[in-house]
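Residues per chain are reported as follows:
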Amino acid sequence: MFQLDRIVTLCQPKVIFIYITCVTSLIGEDVNAIAQQKQHALGVRIVPILAAGFLGVENFGARIASMTLCEHLIGRKEPKEITPYDVNLLSCDASLQEMKTYCALIESIGLRVLTTFGSGDSVEPIMYAHKAKLNILISAKPLATMARKMEKIWGIPWIQVSFFGKYATSDALRTIAEVFNDGKLSRNTQKVIAFEEKKLAEQLELFKDSLYAKKVLINLQGTLSWAYIPLLRELDMHVVATSIENITEDDKEQAIRLLLGKGMFMYEPENEQMDIIEEEKIDLLITNSDNVYAAVQTKIPFLNIEKAKEKNYVGYRGILEFAYILENTLKNPLFKIVYREAPWLG
């Protein structure tokens with residue numbers, strides 16, 4: 001525990017988190033006791049996260065970590081001021097840019113974001129998150145346990161929403177506003193939605209010719225395999241199928257809900273991917289670094305979503321960003337060059 005002394009001396013942190021490893025858990029080290037002892041000796045709050053890797057999948061670790069925050073941090077400090085419109089945002093994997101988009105959208109209708117969990121906030125706001133009037137879960141089902149705990153202890157209601165796509169974004173804003181049962185807030189929300197949808201419709205006219213009815217295949221190995229479906233459909237593109245490889249049950253439920261009755265299906269990429277591309281005459285494969293080979297072998301354009309994640313595809317602006325990158329991918333002359341038959345083979 002010498003390292004804790006060194007951290008306090010060099011960094012003077014407000015809180016130190018200790019994440020245990022598999023080895024620490026297997027040999028039975030009492031990290032809780034050590035944390036309490038050093039917390040008293042150093043005068044710094046020390047929070048042990050008891051989520052060794054062998055205990056379960058990543059989602060299980062997120063649940064343990066969030067419950068630890070309830071036990072050790074939330075409710076330990078009061079904010080300088082509170083309003084009737086304070087909310088918390090809970091997300092597991094949002095980037096800092098995505099979290100800023102969520103905050104901007106929610107504050108545009110007249111609410112105030114008190115605390116964000118998952119990206120972009122310091123420890124202090126987490127300590128007074130108990131003063132919020134609503135917890136908003138954004139693609140964060142593993143944090144539902146934490147939301148239920150906060151509802152039980154502090155009486156904070158919670159809802160789960162998505163901001164992937166125009167319709168989902170508008171529905172999310174309406175759903176959030178309805179919780180407050182405030183006429184002024186509801187009217188302002190409708191004004192914001194009407195303005196944003198009109199502006200987006202005008203901007204998307206530029207992409208109609210290049211994206212309309214293009215056939216798309218999705219293979220993201222379970223990484224939000226459903227999230228891009230509404231965006232593609234709102235751009236009038238046709239999603240033929242999405243992969244079920246490494247998909248969680250939560251993602252499978254979301255994908256089935258979006259695919260149901262839309263002429264789309266789910267597939268096993270190892271056995272079916274190449275056949276689907278050729279038989280359905282796919283125009284674009286949305287995939288990750290491990291699966292671009294299918295596009296290369298069938299000589300179609302592909303979008304490596306891992307590279308494209310530098311952009312932000314949530315909210316109204318996110319649909320426009322997605323349209324830009326899709327158009328650029330389909331028109332990229334590089335694909336024609338690299339897929340061209342070598343002249344010495346002609």
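Please refer to the structure higher up on the page.
Residues numbered from 1 in each chain as written. Predicted model: local features only at pLDDT ≥ 70, side-chain atom pairs only at ≥ 80, totals over all residues. Heavy atoms only, no water.

1. Some points on the side chain of S91
And then number 1: As for its placement among the helices and strands, S91 is situated in the loop between β3 (86-90) and α5 (96-108).
And then number 2: On the basis of relative accessibility, which here comes to 3%, the residue S91 falls in the buried class.
And then number 3: Reaching out from S91, the side chain makes a polar contact with the backbone nitrogen of A94 at a distance of 3.4 Å.
And then number 4: From its side chain, S91 meets the backbone oxygen of I138 in a polar contact 3.3 Å long. (Helix = DSSP H or I, 4+ residues; strand = E, 2+ residues; numbered from the N terminus. Buried < 20%, exposed > 50% of the residue type's maximum accessible area, 1.4 Å probe, protein only. Polar contact = N/O pair within 3.5 Å; in protein donor to acceptor, adjacent residues only side chain to side chain.)

2. Description of a negative patch on the surface
And then number 1: Taken together, the side chains of E272, D275, E278, E279 and E280 present a region of like negative charge at the surface.
And then number 2: Position of E280 among the secondary structure elements: in the loop between α13 (269-279) and β10 (284-287). (Patch = residues over 30% accessible without salt bridge, like charges linked within 9 Å, V, L, I, M, F, W, Y side chains within 5 Å. Areas by Shrake-Rupley, 256 points an atom, 1.4 Å probe, with all protein chains shown as cover. Salt bridge = Lys/Arg side-chain N within 4 Å of Asp/Glu carboxyl O. Lys, Arg positive; Asp, Glu negative; His and termini not counted. Charge placed at Lys NZ, Arg CZ, Asp CG, Glu CD.)

3. Regarding the sheet that holds strand β5 (residues 134-138)
And then number 1: The four strands lie next to each other as β4-β3-β5-β6, forming an open sheet whose pairing is parallel. Bordering the open sheet on either side are β4 (112-117) and β6 (158-161), each of which pairs with just one other strand. Adjacent strand axes in the sheet meet at a mean angle of 25°, parallel and antiparallel pairs treated alike.
And then number 2: Relative to β5, β3 runs parallel, the two being bridged by four bridges. The residue bridging L90 from the neighbouring strand is L137, located in β5. (Pairing = 2+ DSSP bridges. Axes fitted to C-alpha atoms, helices over the stretch in contact; angles between N-to-C directions.)

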